[in-house]
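Given next are the chains, with one letter for each unit.
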Amino acid sequence: MAKQPEDWLDDIPAPQDEDEDDEIIWVSKSEIKRDAEIRKKLGAELVKLSKNELERIPLDPQLLESIELAQKIKREGRRRQLQFIGKLLRVRDVEPITEALDKLKNRHNQQVVVLHKLEDLRVRLVEGDDNVMEEVVALFPHTDRQQLRTLVRNAKKERESNKPPKAFRQLFQFLKELSETA
């Protein structure tokens, strides 16, 4: 008896019951490319860091060596080295690296905010607001009041006579040193 066209289904083995643990996760080619691009950008960020900043990030020796090499290379060779760093990052857990990089960036942002506040204090001091002097002393109890008054007075004189802002800069440095020792 010849097989009927519908009988070909009988030759296919019945599917086996698969455990849920053996479930295969399909990843699209586009998703793989996006992930590779993200890793490459992370590598480029790492290459831009200084040696001191790189020491604060948990990198294995091979990756650190590749980053240091990329910092020395120019043009096309650098692009290829960045590709290689991205490839190295694809096979590593990048979460600790990104966390350390975020902390590094956040600290920089905090420093910028502090400098802006000090700049505001300096401007308000030179404009002649007497309450600001007390505010500075309250913020930094170990302030040398006499030196602060002298710097403010010199900065005011400079501004009135249109001289270069030497005392103005000294006042900022004085405030910055106070904030660093606080």
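The protein carries the name Dual-action ribosomal maturation protein DarP in an unreviewed UniProt entry, which gives Providencia sneebia DSM 19967 as its organism. Looking at the Function (unreviewed entry) heading of the UniProt record, one finds this comment for the protein: "Member of a network of 50S ribosomal subunit biogenesis factors which assembles along the 30S-50S interface, preventing incorrect 23S rRNA structures from forming. Promotes peptidyl transferase center (PTC) maturation." Per its UniProt entry, the protein bears the Sequence similarities (unreviewed entry) comment "Belongs to the DarP family."

(A) Region of interest: helix H1 (residues 29–48). With 20 residues, H1 extends 29 Å between its outermost C-alpha atoms, agreeing within 8% with the 28 Å of an ideal straight helix rising 1.5 Å per residue. Three or more residues of H1 are buried, namely Ala-36, Arg-39, Leu-42, Gly-43, Leu-46 and Val-47. One side of H1 carries all its buried residues, which in axial view fall inside an arc of 145°. Relative to its buried face, H1 has exposed residues pointing more than 90 degrees away, namely Lys-33, Ile-38, Lys-41 and Lys-48.

(B) A look at the confidence of the model for the protein. Scored by pLDDT, the protein comes out at a mean of 83, with 87% of its residues at no less than 70. Per-residue pLDDT, averaged within each element of the protein, yields its smallest value for helix H6 (residues 130–139) (83) and its largest for helix H3 (residues 61–72) (90).

(C) Summary view of a nonpolar patch on the surface. Among the surface-exposed residues, Ile-25, Val-27 and Ile-32 lie close enough to one another that they form a single nonpolar patch of about 310 Å² accessible area. Note that Val-27 resides in the segment before H1.

(D) Main features of the packing of aromatic side chains. Under the definition given, this model contains 0 aromatic pairs. Lying over the aromatic face of Phe-168, Arg-122 brings its terminal NZ or CZ to 3.8 Å of the ring centre.

(E) Spatial organisation of helix H4 (residues 75–90). With 16 residues, H4 should reach 22 Å at 1.5 Å per residue; the first-to-last C-alpha distance of 23 Å fits that figure. Considered for burial, the residues of H4 that qualify are Gly-77, Gln-81, Leu-82, Ile-85, Gly-86, Leu-88 and Leu-89. Its buried side turned inward, H4 meets H1, H3 and helix H5 (95–126).

(F) Structural context of the pattern of salt bridges. Enumeration over the complete set of coordinates arrives at 8 salt bridges. For the salt bridge of Arg-79 with Glu-76, the shortest nitrogen-to-oxygen distance reads 2.5 Å. On the criterion of helical spacing, the pair formed by Arg-79 and Glu-76 is a turn pair, its members being 3 residues apart in helix H4. Using a relative accessible area of 41% as the deciding quantity, one classes Arg-79 as partly exposed.

(G) Quick peek at a negative patch on the surface. Where like charges cluster on the molecular surface, the negative patch consists of Asp-93, Glu-95, Glu-99 and Asp-102. Relative to the elements of secondary structure, Asp-93 occurs in the loop between H4 and H5.

(H) Just the side chain of Gln-81, in detail. Here Gln-81 shows up in helix H4. The class for Gln-81 is buried, based on a relative accessible area of 11%. Gln-81 has contacts with Ser-66, Leu-69, Ala-70 and Ile-73, leaving out every residue within four places of it along the chain.

Reading the values: the criteria
Residues numbered from 1 in each chain as written. Predicted model: local features only at pLDDT ≥ 70, side-chain atom pairs only at ≥ 80, totals over all residues. Heavy atoms only, no water. UniProt positions renumbered as here; feature names shortened; annotations may be inferred. Helix = DSSP H or I, 4+ residues; strand = E, 2+ residues; numbered from the N terminus. Expected span 1.5 Å × (residues − 1). Buried < 20%, exposed > 50% of the residue type's maximum accessible area, 1.4 Å probe, protein only. Arc of directions from axis to C-beta. pLDDT = per-residue confidence, 0-100. Patch = residues over 30% accessible without salt bridge, like charges linked within 9 Å, V, L, I, M, F, W, Y side chains within 5 Å. Areas by Shrake-Rupley, 256 points an atom, 1.4 Å probe, with all protein chains shown as cover. Salt bridge = Lys/Arg side-chain N within 4 Å of Asp/Glu carboxyl O. Phe/Tyr/Trp six-rings, centres within 6.5 Å; stacked < 30°, edge-to-face > 60°. Lys NZ or Arg CZ within 6 Å of the ring centre and 35° of its normal. Contact = heavy atoms within 4.5 Å. Lys, Arg positive; Asp, Glu negative; His and termini not counted. Charge placed at Lys NZ, Arg CZ, Asp CG, Glu CD.

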